[in-house]
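Spelled out from the first residue to the last, the chains are:
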Amino acid sequence: MGARPRRRRAPAAAATAAAAAAPGPLGALLAAALLAAAAAGAQQSATVANPVSGASPDLLPHFQLEPEDVYIVKNKAVSLACRATPATQIYFKCNGEWVHQGDHVTQHGTDRGTGLPVMEVRIEVTRQQVEKIFGLEEYWCQCVAWSSSGTTKSQKAFVRIAYLRKNFEQEPTAREVSIEQGIVLPCRPPEGIPPAEVEWLRNEELVDPALDANVYVTPEHSLVLRQARLADTANYTCVAKNIVARRRSASAAITVYVNGGWSTWTQWSGCSTSCGRGWQKRSRTCTNPTPLNGGAFCEGQNVQKTACTTLCPVDGAWSEWSKWSVCGAECTHWRSRECSEPAPRNGGQECRGPELDTRNCTSELCSHAAGGAEDVALYVGLVAVAVCLVLLLLVGVLVYCRKKGGLDADVADSSILTAGFQPVSIKPSKADNPGLLTIQPDLSTATMTYQGSLCPRQDGPAKLQLPNGHLLSPLGAGRHTLHHSSPAAEGADFVARLSTQSYFRSLPRGTTNMAYGTFNFLGGRLMIPNTGISLLIPPDAIPRGKIYEVYLTLHKQEEVRLPLAGCQTLLSPIVSCGPPGVLLTRPAILAMGHCVEASAENWSIRLKKQSCEGTWEDVLQLGAEPCTELYYCQLEAQACYVFTEQLGRFALVGESLSMAASKRLKLVLFAPAACPSLEYNIRVYCLSDTQDVLKEVIQLEKQLGGQLIGAPRVLHFKDSYHNLRLSIHDMPSSLWKSKLLASYQEIPFYHIWSGLQPFLHCTFTLERLSPSTCELACKIWVWQVEGDGQSFTVNFNIAKDTRFSDWLVPDSEVGAPALVGPSAFKIPFLIRQKIISSLDPPGTRGADWRTLAQKLNLDSHLSFFASKPSPTAMILNLWEARHFPNGNLSQLAAAVAEVGKQDGALFAVSEAEC
């Protein structure tokens, strides 16, 4: 056993010996055939048969058992066996050499089914035999069986030495992962024959992917956890095994951690003081979720504080008694007083005592006349006359209102523009203008006439000039005349009509802060002079055939209650445009100033709108995705432009997100224009930096006889809870002295930050030591504690210095509050229509409205423009709102020209189109 077969017995000789053992003539014939086959060379095919003439192929040996691959484990020999029928001889050949006959163990038998002889042979192979050829080739063995009809070879069986090395090529490593994060644990088992099988243990328990859908093992033996769970925190071990050994990797500790998350804020606590300035706070906890397994704690503060001011109750007090009245017919006279110094507020008590005091004025010696009947008749007559006068007045008002019910426009015949009007009746043509159509005018309004070409004007410095060729060619020179209704001169009549509706009863009863007009499909513009507030009604925003009477109103902040919470502050004026509820087919654009130094990390800014019920609602958060297409806002450095399809009352409100958030304050110095006494007052106003507030202060100072004594300055006021301080310095003590007892004056932080007190100011009272002193020189400092500051150097003559009067805009320069039709727009009507029709469709090489928006630096609003039926119209409307009346048409023309260069055939305007 184990010895290599000897070469001295050739296979041919063995075959001949086997054939000779066969009896009779059949054995002789078989021997001759086998010798011939040996002489020709043994074939290496699976079956080589050279049967004797007339032999049946069914007599070829057939293997019932063939040798199979085996592994030698350690030093234990392995056994190879084969069985064939019908077979007379079976020998093993290993690596091309015959195994010695003595190394074979042979068994003979008979197949019960066929009766043919069966032969089975076994050999043993040792480790030493295999190692002798190790490294040259693999060790293999094969059976060869003989019968009277030929020979048959079995399959090759390979004998290998089995092993499994000790060291893993790659082991899993410990990791810390966040919950729901994926995990991959690599494992490359040790080299071995046969290749090792791999399984995974979790805390010494077998991981079965069939039982856990969150786990699977890759073909490279890596363990994958799709989403880490808290239960997956464990020690993981990779196990490799084959028939030789079982190896374990080092355990890898997997820790699944949970980062903490903040809960929602609690409600704000009550103010710490019941009267005056205090604090309130709110808190949150790091429990949503709670940090686990070393997860990060929540970042940020768990407590927030904010300043609060509780209005102190003020008890009422009586004013001085008035003078006694004249003694009446009852021999009494009276005097009165008012509970107004101060009036009770914030829950304070009313004044105690009588409001009216009556006394006898003749020391009770007055005698009463007996003419009572005559007096009664006189009084009855006077009452009857008064009733008649009131009835006549009511009848006159009713007749006047009915006459004002008609339309108020005279529209000239124009093939382009008359489609927007639907006249009630057509009157005969006037003698001097036979082509004119007239409509019954509105008696409540005046009219104004716009006369001009609807094509670009060829005169004037502000004409829209477009280059040659592929751009807008010059339009025709035909002129069209258009008579539009304009704002009424009688503002009180318009306000009276609005006041009959309940929603408008809070509008101011005057025209100083109000503009109004009558508009149709051609659109127009309303402006409140010197405030930066305007309303642009684009063409076709009002449906054709409709005529709207539209107003624009600036509200005084004390007239409209705007509730603010927490760190919120008013950033703009409160503006109404209406009437609300009217149908607009395109957004109108409301322009108004603001005082915020906007930055996304410091501010959360919202557009608020008041509902008809009086509640204020957030309709838009700037910088966030708009929840509705009815509103949109472009915030610029000092103004905002609100696109709205629903008119109403609007305001811009901000909430600071950090103490770096700041508002702009306008600091303005006023003093009396004339000083007849020795006292001289300098008033320092700290205003929100918007034009409307400055206008109000200027009007107030004109009434007080004040003059501007220094150029206005801007101060950035931060949300740091620190007050604003004001002080005066460097006065010549020989000429002036200050009556201020303290070193500085102070305005509380919340009074400024809320924005609800528009005219905050401090007064410095100075006294001249001589009536002849007229020169005043001093410095005034205004600063926020631990914040920004400004200083004013005052040096002027209080009697005749008017150098700063240019800052005050005269009333004569306010301009027209309402413009109707083409006169309200810089871009001529037909050129505007041609640009829209050319740029709205997608153009070749990107020559469309998107390129125009990019040229005008409006590409941050593309999503809003794209949501509208005509994006180009939105862009032009915004340009009109931003640049009227001083817009540079040349720059717009250049932008349009740049778009046109990308597509030479984009613009072409013929004379017929004009």
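Definitions and cut-offs
Residues numbered from 1 in each chain as written. Predicted model: local features only at pLDDT ≥ 70, side-chain atom pairs only at ≥ 80, totals over all residues. Heavy atoms only, no water. 1 Å grid on protein atoms, 1.4 Å probe; cavity = no way out; pocket = protein on both sides within 12 Å on 5 of 7 lines; lining within 4 Å. Points joined across faces, edges and corners; volume = space filled by probe spheres on them. Helix = DSSP H or I, 4+ residues; strand = E, 2+ residues; numbered from the N terminus. Nonpolar A, V, L, I, M, F, W, Y, C, P; charged D, E, K, R; others polar. Disulfide = S-S within 2.5 Å. Buried < 20%, exposed > 50% of the residue type's maximum accessible area, 1.4 Å probe, protein only. Pairing = 2+ DSSP bridges. Axes fitted to C-alpha atoms, helices over the stretch in contact; angles between N-to-C directions. Contact = heavy atoms within 4.5 Å. Expected span 1.5 Å × (residues − 1).

**Looking at empty space enclosed by the protein**
By the definition in use, this model includes eleven cavities of 30 Å³ or more. A volume near 110 Å³ is recorded for the largest cavity. Of all the elements, helix H6 (residues 691-704) adds the most residues to the lining of the largest cavity, at three residues. When the residues that make up the lining of the largest cavity are grouped by side-chain class, the tally is six nonpolar, three polar and four charged.

**Here's the deal with the layout of surface pockets**
Taken as a whole, the second largest pocket encloses approximately 620 Å³ of empty space. Leu311, Arg561, Tyr750, Ser754 and Leu756 are the residues nearest the centre of the second largest pocket, which is lined by 21 residues in total. For the lining of the second largest pocket, the secondary-structure elements that each account for two or more residues are strand E23 (303-310) and helix H7 (749-753). The class makeup of the residues in the lining of the second largest pocket is ten nonpolar, eight polar and three charged.

**Some thoughts on the state of the cysteines**
In total, this model carries seven disulfides according to the counting rule given. The disulfide bridge from cysteine 94 ends at cysteine 141, spanning 2.1 Å between sulfur atoms. Between cysteine 94 and cysteine 141 the disulfide shows an S-S torsion of about 105°. By sign, it is right-handed. Of this pair, cysteine 94 sits in strand E5 (residues 89-94) while cysteine 141 sits in strand E9 (residues 139-147), placing them 47 residues apart in sequence. The pair formed by cysteine 94 and cysteine 141 is uniform in burial state, with each residue classed as buried.

**So, unusual backbone geometry**
Cis rather than trans, the peptide bond between threonine 85 and proline 86 has omega equal to -20°. Relative to the helices and strands, proline 86 resides in the loop between strand E4 (78-85) and E5. Of the consecutive residues glutamate 341 and proline 342, the connecting peptide bond is found in the cis state with omega at -5°. Summarising the element assignment, proline 342 is placed in the loop between strand E24 (332-336) and strand E25 (356-360). Even without glycine at this site, asparagine 346 takes up a positive phi of about 55°. Considering the arrangement of structural elements, one finds asparagine 346 in the loop between E24 and E25. At aspartate 730, a residue that is not glycine, the phi angle is positive and equals roughly 60°. The residue aspartate 730 is located in the loop between strand E44 (724-729) and strand E45 (736-738) in this model. Under the relative-accessibility criterion, aspartate 730 is labelled exposed at 56%.

**Focus: the sheet that holds strand E18 (residues 223-225)**
Reading across the sheet, the three strands line up as E13-E18-E17 and stay open at both edges, with antiparallel pairing between neighbours. Looking at which strands have only one partner, the edges of the open sheet turn out to be strand E13 (183-185) and strand E17 (215-217). For this sheet, the mean inter-axis angle between neighbouring strands, taken without regard to orientation, is 15°. Pairing of E13 with E18 involves three bridges; the strand directions are antiparallel. In the sheet register, isoleucine 183 faces E18, and the bridge partner there is leucine 225.

**Considerations on the sheet that holds strand E49 (residues 789-797)**
Across the sheet, four strands lie side by side as E46-E44-E48-E49; this open sheet has antiparallel pairing. Each end of this open sheet is capped by a strand with a single partner; those strands are strand E46 (745-747) and E49. Each strand axis lies, on average, 20° off the axis of its neighbour in the sheet, ignoring direction. In this sheet, E46 lies alongside E44 in antiparallel orientation, the contact comprising three bridges. Residue pairing across strands places arginine 725 opposite glutamate 746, the latter belonging to E46.

**Let's talk about the side chain of serine 319**
Among the structural elements, serine 319 can be located in the loop between E23 and E24. For serine 319, a relative accessible area of 15% corresponds to the buried category. Discounting residues that sit within four places of it in the chain, serine 319 has contacts with Arg337, Glu338, Ser340 and Glu341.

**As for helix H8 (residues 829-839)**
Because an α-helix packs 3.6 residues into every turn, residues spaced three or four apart end up facing the same way. Most of H8 sits inside the fold, with nine of its eleven residues counted as buried. When H8 is considered as a whole, its buried residues turn out to be Phe829, Leu830, Ile831, Arg832, Lys834, Ile835, Ile836, Ser838 and Leu839.

**A look at the environment of asparagine 288**
Within the secondary structure, asparagine 288 is located in the loop between strand E22 (276-283) and E23. C-alpha separation for the pair asparagine 288 and glycine 260, spaced 28 residues apart in sequence, amounts to 6.5 Å. Setting aside anything within four residues of it in sequence, one finds asparagine 288 in contact with Gly261, Trp262 and Ser263.

**What about H6?**
Its 14 residues give H6 an end-to-end C-alpha distance of 20 Å, which sits within 8% of 20 Å, the value for a rise of 1.5 Å per residue. Regarding H6, the residues found buried are Asp692, Val693, Lys695, Glu696, Val697, Ile698 and Glu701. Looking at the packing, one finds that the buried side of H6 touches strand E29 (524-528), strand E30 (533-537), strand E31 (548-555), strand E40 (662-672), strand E41 (679-688) and strand E42 (706-708). Phi for glycine 705, located one or two positions after H6, is positive at around 80°.

Any functional reading would require information beyond the geometric quantities listed.
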